[in-house]
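# Residue-level structural notes
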Amino acid sequence: MPAITLAEAVTQALAYELEHDPSVIIFGEDVGANGGVFRTTVGLQEKFGADRVRDTPLAENMIAGLAVGMSAHGMKPVAEIQFMGFIYSTFDQIVSHATRLRNRTCGRLSCPMVIRAPFGGGIHAPEHHSESTEALFAHIPGLRVVIPSSPARAYGLLLASIRDPDPVIFLEPKRIYRKVKEEVPDDGEAYPLDVCYTLREGSDITFVTWGAMVHETMEAADKLEQQGVLAEVIDVATIKPLDIDTILESVEKTGRLVIVHEAAKTCGVGAEIAALVAEKGLTFLLAPIKRVTGYDTIMPLFRLENEYMPSVERILKAAHEVLE
């Protein structure tokens, strides 16, 4: 079995669902003939036809509205927004319609749609192409927000998202689309949603993170181990709804918590995690919670983007502060 990248795992999951579920349809800007700006839909239109994998105009609000209408009538649309920075015009359709359809119809209709979008910085992209605004969607009732951090989780979580009866925002960290490879069986096995994944066991400190930042966090944990400190690393994966129980169990064991995310600090998902741990597990803590995040500024252009994103050094600095 050849090892594949996260981008190829997305393609593999989409192909599996297209082949096994005739109600699945994919559409978005350049997803068909060009195979997507990051090549995550490459070859799908040739294999499944233009009726199942459709190119659309540059009209994100229309793309989201089309997904709502299709899902209300029995289809399972998977819509791609080319970059997360272009997703804001879809808010009306997502917030006013997709997330309310089940409630509005007293359960008669659901909205099994997925909106995929590459997100995050690190690829030297211009403005609007490096957003990490997942907290905006996490605030919306009725909406799942899923972020994979590896090829295997991208495959399994995307399958689960497409099969979910309610709307899902599926954010793909483009910085790691091709960073690592691993073997991913194309067996149609979905990963569970709404749970955190413990990637590394430890007893001295808990790291909580998601998306591309998993990789810097794991590197920091490796360096701490060389210093005799055992760090537990948790990949949140589904940031809404949040599996706080797994995080609390880890903090009860370690007594220390560092939260790492690329998004801006103020009102980020890390703040919600910190608040919940303070509410439900304050007596577990041996030190104040630390957050290592992006800054409360627009993501800078490529000369400074590495200064914006949390580094291994910043993560280690926070870890040493809570350990002291």
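Remember, predicted model here, so these are calculated numbers, not experimental data.

### So, the environment of proline 112
Residue position: proline 112 is located in the loop between α5 (101-104) and β5 (114-119). Linking proline 112 and alanine 72, residues 40 residues apart in sequence, is a C-alpha distance of 7.9 Å.

### What about the sheet that holds strand β11 (residues 231-235)?
With mixed pairing, five strands are arranged side by side in an open sheet as β9-β11-β10-β13-β14. For this open sheet the edge positions go to β9 (197-200) and β14 (290-294), each flanked by a neighbour on one side alone. The mean angle between the axes of side-by-side strands here comes to 25°, regardless of whether they run parallel or antiparallel. Relative to β11, β9 runs antiparallel, the two being bridged by three bridges. Along β11, the bridge assignment pairs tyrosine 197 with aspartate 235.

### So, the nonpolar core
Judged by nonpolar contacts, the single largest core of 45 residues is most densely connected at Ile115, Ile247, Ile273 and Val277. The set of elements that each furnish at least two residues to this core consists of β2 (24-28), α3 (60-72), β5, α6 (134-138), β7 (168-173), α9 (244-254), β13 (257-264) and α10 (269-281). Formed by 38 residues, the second largest nonpolar core is a distinct cluster that contains Ala9, Val24, Phe83 and Val168.

### Observations regarding unusual backbone geometry
A cis amide bond links lysine 240 with the next residue in sequence, proline 241, at an omega value of -5°. Structurally, proline 241 is set in the loop between β12 (238-240) and α9.

### Description of the environment of serine 149
Within the secondary structure layout, serine 149 lies in the loop between β6 (144-146) and α7 (151-163). Judged by its relative accessible area of 1%, serine 149 is buried. Put simply, serine 149 and valine 236 are 87 residues apart on the chain and 9.5 Å apart in space, counted from C-alpha to C-alpha. Setting aside anything within four residues of it in sequence, one finds serine 149 in contact with Leu6, Ile176, Gly211, Val214, His215 and Asp235. At 2.9 Å, the side chain of serine 149 and the side chain of arginine 153 are in polar contact.

### Looking at α3
Here α3 spans 19 Å end to end across 13 residues, near enough to the 18 Å set by a 1.5 Å rise per residue. Among all positions of α3, only Glu60, Ile63, Ala64, Ala67, Val68, Ser71 and Ala72 are buried. Around the axis of α3, the buried residues are gathered within 165° of arc, so they sit on the same side. Looking at the buried positions of α3, the neighbouring elements they touch are β2, β4 (76-80), α4 (91-96), α5 and β5. Note on α3: the residue one or two positions beyond its end, glycine 74, has a positive phi of about 95°.

### Brief notes about the packing of aromatic side chains
Counting across every chain of the model gives seven aromatic pairs. The interplanar angle of 70° and the centroid separation of 5.5 Å between the aromatic rings of phenylalanine 38 and phenylalanine 83 together place this pair among those described as edge-to-face. Highlighted residues: phenylalanine 38 in the loop between β2 and α2 (44-48) and phenylalanine 83 in the loop between β4 and α4, separated in sequence by 45 residues. With respect to burial, phenylalanine 38 and phenylalanine 83 carry one shared label: buried. Judged by centre distance (5.9 Å) and plane angle (40°), the ring pair of tyrosine 191 and tyrosine 197 falls under tilted. The exposure class assigned to tyrosine 197 is buried, which follows from its relative accessible area of 15%.

### Overview of the sheet that holds β7
As summarised here, the arrangement of the seven strands in space is β3-β2-β4-β5-β7-β6-β12, forming an open sheet in which the pairing is mixed. The open sheet has two edge strands with one neighbour each: β3 (53-55) and β12. For this sheet the average axis-to-axis angle between neighbouring strands, irrespective of direction, equals 20°. Sheet strands touched by helix α1 (residues 6-20): β2, β3, β4, β5 and β7. Its angle to β2, the strand with the most contacts, is close to 135°.

### Focus: the pattern of salt bridges
Applying the stated rule across the entire model yields 17 salt bridges. Put simply, glutamate 216 and arginine 175 hold a salt bridge, and the shortest N to O gap is 2.8 Å. In this pair, glutamate 216 sits in helix α8 (residues 213-226) while arginine 175 sits in the loop between β7 and β8 (182-183), placing the two residues 41 residues apart along the sequence. The exposure classification of glutamate 216 matches that of arginine 175, with both residues buried. Between arginine 200 and glutamate 225 there is a salt bridge, with its nearest N and O atoms 2.3 Å apart. Of this pair, arginine 200 sits in strand β9 while glutamate 225 is found in helix α8, placing the two residues 25 residues apart along the sequence. In the salt-bridge network here, residues are joined through shared partners; they are Glu80, Arg116 and Glu172.

Reading guide: rules and limits
- Residues numbered from 1 in each chain as written.
- Predicted model: local features only at pLDDT ≥ 70, side-chain atom pairs only at ≥ 80, totals over all residues.
- Heavy atoms only, no water.
- Helix = DSSP H or I, 4+ residues; strand = E, 2+ residues; numbered from the N terminus.
- Pairing = 2+ DSSP bridges.
- Axes fitted to C-alpha atoms, helices over the stretch in contact; angles between N-to-C directions.
- Core = buried A, V, L, I, M, F, W, Y, C linked by side-chain atoms within 4.5 Å.
- Buried < 20%, exposed > 50% of the residue type's maximum accessible area, 1.4 Å probe, protein only.
- Contact = heavy atoms within 4.5 Å.
- Polar contact = N/O pair within 3.5 Å; in protein donor to acceptor, adjacent residues only side chain to side chain.
- Expected span 1.5 Å × (residues − 1).
- Arc of directions from axis to C-beta.
- Phe/Tyr/Trp six-rings, centres within 6.5 Å; stacked < 30°, edge-to-face > 60°.
- Salt bridge = Lys/Arg side-chain N within 4 Å of Asp/Glu carboxyl O.

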